[in-house]
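Fold and contact review
If you want the building blocks of each chain, they are given just below.
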Protein chains: 4
Amino acid sequence: MAYETAPICGKLFADKTFSFPIRIYYEDTDAGGIVYYANYLRYAERARTEFLRHLGLNQQEMLAKQKIGFVVHNCSITYKTPAKLDDALNMTCKITELKGASLKMEQKLYRQDTLICNIEVTLVFLSLNNMRPSKIPPEIFNLLQ
Amino acid sequence: MAYETAPICGKLFADKTFSFPIRIYYEDTDAGGIVYYANYLRYAERARTEFLRHLGLNQQEMLAKQKIGFVVHNCSITYKTPAKLDDALNMTCKITELKGASLKMEQKLYRQDTLICNIEVTLVFLSLNNMRPSKIPPEIFNLLQ
Amino acid sequence: MAYETAPICGKLFADKTFSFPIRIYYEDTDAGGIVYYANYLRYAERARTEFLRHLGLNQQEMLAKQKIGFVVHNCSITYKTPAKLDDALNMTCKITELKGASLKMEQKLYRQDTLICNIEVTLVFLSLNNMRPSKIPPEIFNLLQ
Amino acid sequence: MAYETAPICGKLFADKTFSFPIRIYYEDTDAGGIVYYANYLRYAERARTEFLRHLGLNQQEMLAKQKIGFVVHNCSITYKTPAKLDDALNMTCKITELKGASLKMEQKLYRQDTLICNIEVTLVFLSLNNMRPSKIPPEIFNLLQ
């Protein structure tokens, strides 16, 4: 395969916290010299996606074949210290509540031991045809437990 | 001037709510066919910037000359119904609390009378040299009242 | 309607150049203090979309109902002088070549009379089901002439 | 360190082509179901940054301490086949011309052996104080050879 590299992987820790590496590039920063405030939500979503992939869930397949998927209903973010160009960070992801058609996650972004921001997010499981909440299928529910 | 157009303007309503037009382009959407969840925070920041500009505040000047500026400390967003490609929306912005070194705003995104999302944001006034909170100067405080 | 504002409009000039206003926000800039180089392509696409809308073409409808649309095949951008935070710019858009299944446009971004960048783009008309070039339907072709 | 993961690394091949892994997330895609056309330039810049880092160049330090840096003067991109959600790609980066104050790179994005797009970019070395071209310092020039 053409110029193949090692894939980017996250890691699941013993306390069921998943962690995923995030590198800060020019695209992430703004004229204040720090990461633009909306971009942290991108990193949160990358970590959630990789967490689901690590658990064996394929979102592209869920989207294309079954027209179902997790959609963010609510999220809250508190900024502790800004991230900067070239920073090597870790975004964590931990399920804190799992219900029939929704779940809550707590996510934290670290530069080594420095907390950059923390994020609480509520995801709802939706049928994308009618954009209405739908019961999480048992095979997916079991993976998330 | 080369191919000049009318500038994009918002509007301040009698109840002190500022409103700013947002159009949804391909860049705003994702493979789910709806606006990507982090992008709503961009529109919120455009509306806040235009609100401050409307009040007579120039952020570029504050940033470049005085090394001061408002930074988001916390924000919370609840998604009600998704926005889609080509939507013509209005993002509102209203100050709900004004303190010595911080303020709170409530922001709502509408498609006509349909609420797309609402956002609560806490902004802290910072000295950008040391990234520490700083008293809002009286001339800026007065504009915000 | 809730907090309604005037819509953002572009303008078609006598030489068949369309022009659309672009304002630069924090989201557009990077840690170098200038607009991030990829973002100019977003403004180009906004102007193209508004140009097509001005001509009476609805891309959302073409995408949803007919599964057809214009896709960028090639683009080339030359950066002349950087745009900065708070800049009020105009992005132009002019068809320079129109063929059966493709067209070329020249786009220029100006701050008053200062050229920020120029962009040449080749668009191909595609059937989105098979991602293959398709003849531009006569009713669309006529609008573009 | 808090929830530490393996860093994301690229790889330098024997023919002096650098390759860097790119994963496609929701943030990268648009309502057409494919990667938004401007985002490929982000991946190109990530690969260039990691290439420079791999060679021992720290852009953040160049920017902050010496107020110098590489800026894109021109780039041209040809789209071959679209990338999609969840794709695992490799963006390559190879210097094809090195002059006193500028260099050219050829970059290609692959899904395994399938070419997604190719990009030609001309970078100019600038003094950021006056935004004027500046001779590439010998210690940097030597690293690039």
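Think of each chain on its own: its residues are numbered from 1, step by step along the sequence as written. Each chain takes a letter, starting from A, and each ligand takes a number, starting from 1, following the order in which they are written. At least 70 in pLDDT is required for a residue's local features to be given in this predicted model, at least 80 for side-chain atom pairs to be given and counted, and no such filter applies to totals for whole chains, interfaces and linings, which use all residues. As a rule here, side-chain values cover all heavy atoms of the structure and leave hydrogens and water aside.

Contacts are assigned to residue pairs that have any heavy atoms within 4.5 Å of one another. Opposite the nine residues of chain A that make contact, chain C presents nine residues. Note on terms: buried area is the combined drop in 1.4 Å-probe accessible area of two parts once they are placed together, counting the loss on both. Summed over both partners, the interface of chain A with chain C buries about 730 Å², with 68% contributed by carbon and sulfur atoms. Three residues stand out in chain A for area buried against chain C, namely Tyr26(A), Ala31(A) and Tyr36(A), and they jointly supply 53% of the buried area on that side. Class assignment for the residues of the side of chain A that touches chain C results in three nonpolar, three polar and three charged. All amino acids are sorted into three groups, where Ala, Val, Leu, Ile, Met, Phe, Trp, Tyr, Cys and Pro are nonpolar, Asp, Glu, Lys and Arg are charged, and the leftover types, Gly among them, are polar.

On to the relation of the copies chain A and chain C, then. With an axial shift of 0.0 Å and an RMSD of 0.0 Å, the rotation relating chain A to chain C amounts to 180°. Read as a symmetry element, the transformation amounts to a two-fold axis. Nearest to the rotation axis, the C-alpha of Asp30(A) is located 1.9 Å from it, this being the minimum over chain A. Here 100% of the interface residues in chain A have copies in chain C that are interface residues too; the copies meet face to matching face. We place the copies in one frame by least squares, fitting the C-alpha atoms of every residue whose pLDDT is at least 70 in both.

All names here are of chain C. Burial runs high along strand β6 (residues 114-127): ten of the 14 residues are buried. In this sheet, β6 lies alongside strand β3 (residues 68-79) in antiparallel orientation, the contact comprising eleven bridges. Paired with Ser76 across the two strands is Glu120, which belongs to β6. Both strand β5 (residues 102-111) and β6 contribute to a ladder of ten bridges, which runs antiparallel. Looking across to β6, one finds that Arg111 is bridged to Thr114. Any two strands with at least two DSSP bridges between them are considered paired. A run of H or I in DSSP counts as a helix once it spans at least four residues, and a run of E counts as a strand once it spans at least two, with each numbered from the N terminus. Where β5 folds back on β6, the antiparallel hairpin that results is connected by two residues, among which Gln112 adopts a positive phi of roughly 50°. Where β6 lies against strand β7 (residues 132-133), two bridges are found, and the strand directions are antiparallel. Bridging across to β7, Leu126 finds its partner in Pro133. The cut-offs for exposure are 20% and 50% of the maximum accessible area for each residue type, with area from a 1.4 Å probe on protein chains only; residues under the lower value are buried, those over the upper are exposed, and the others partly exposed.

Time to look at the pattern of salt bridges. Any carboxyl oxygen of Asp or Glu that lies within 4 Å of a side-chain nitrogen of Lys or Arg is treated as forming a salt bridge with it. Under the criterion given, the structure shown has 28 salt bridges over all chains. Linking Arg53(C) and Asp86(B) is a salt bridge whose minimum nitrogen-to-oxygen distance equals 3.5 Å. Of the two residues, Arg53(C) sits in helix α1 (residues 39-55) while Asp86(B) sits in the loop between β3 (68-79) and β4 (88-98), which places them in two different chains. Under the relative-accessibility criterion, Asp86(B) is labelled buried at 14%. Connected via shared salt-bridge partners are Arg23(A), Asp86(A), Glu50(D) and Arg53(D).

This part covers the relation of the copies chain A and chain D. The transformation that overlays chain A on chain D combines an axial shift of 0.0 Å with a rotation of 180°, and the residual RMSD is 0.0 Å. Of the interface residues in chain A, 100% have counterparts in chain D that sit at the interface too, so the contact is made through matching surfaces.

Moving on, we come to the interface of chain A and chain D. Taken together, the 36 residues of chain A in the interface contact 36 residues of chain D. Carbon and sulfur atoms supply 52% of the area that chain A and chain D bury against each other, a total of about 3700 Å² over both sides. Considering only the surface of chain A that becomes buried against chain D, Tyr3(A), Tyr25(A) and Glu27(A) emerge as the three largest contributors, covering 19% of it. Counting every contact that joins chain A to chain D gives eight salt bridges. The salt bridge involving Arg46(A) is made with Glu27(D); its shortest N-O contact spans 2.7 Å. Whenever a nitrogen or oxygen atom comes within 3.5 Å of another N or O atom, the pair is scored as a polar contact, on the condition that within protein one atom can donate a hydrogen and the other can accept it, and that pairs from neighbouring residues in sequence are kept only if both atoms are in side chains. Counting across the chain A and chain D interface gives 15 residue pairs in polar contact (both at pLDDT 80 or more). At the level of elements, β2 (18-23), α1 (39-55), α2 (59-66) and β4 (88-98) of chain A are the ones that each hand at least two residues to the side of chain A that touches chain D.

Here we take up the side chain of Asn90(A). Mapped onto the fold, Asn90(A) is located in strand β4. For Asn90(A), a relative accessible area of 7% puts it in the buried group. Of note is the side chain of Asn90(A), whose polar atom sits 2.5 Å from the side chain of Thr5(D). Residues in contact with Asn90(A), not counting those within four places in the same chain, are Ser19(A), Phe20(A), Pro21(A), Lys108(A), Leu109(A), Tyr110(A), Ala2(D), Tyr3(D), Glu4(D) and Thr5(D).

Geometry only, nothing functional implied.
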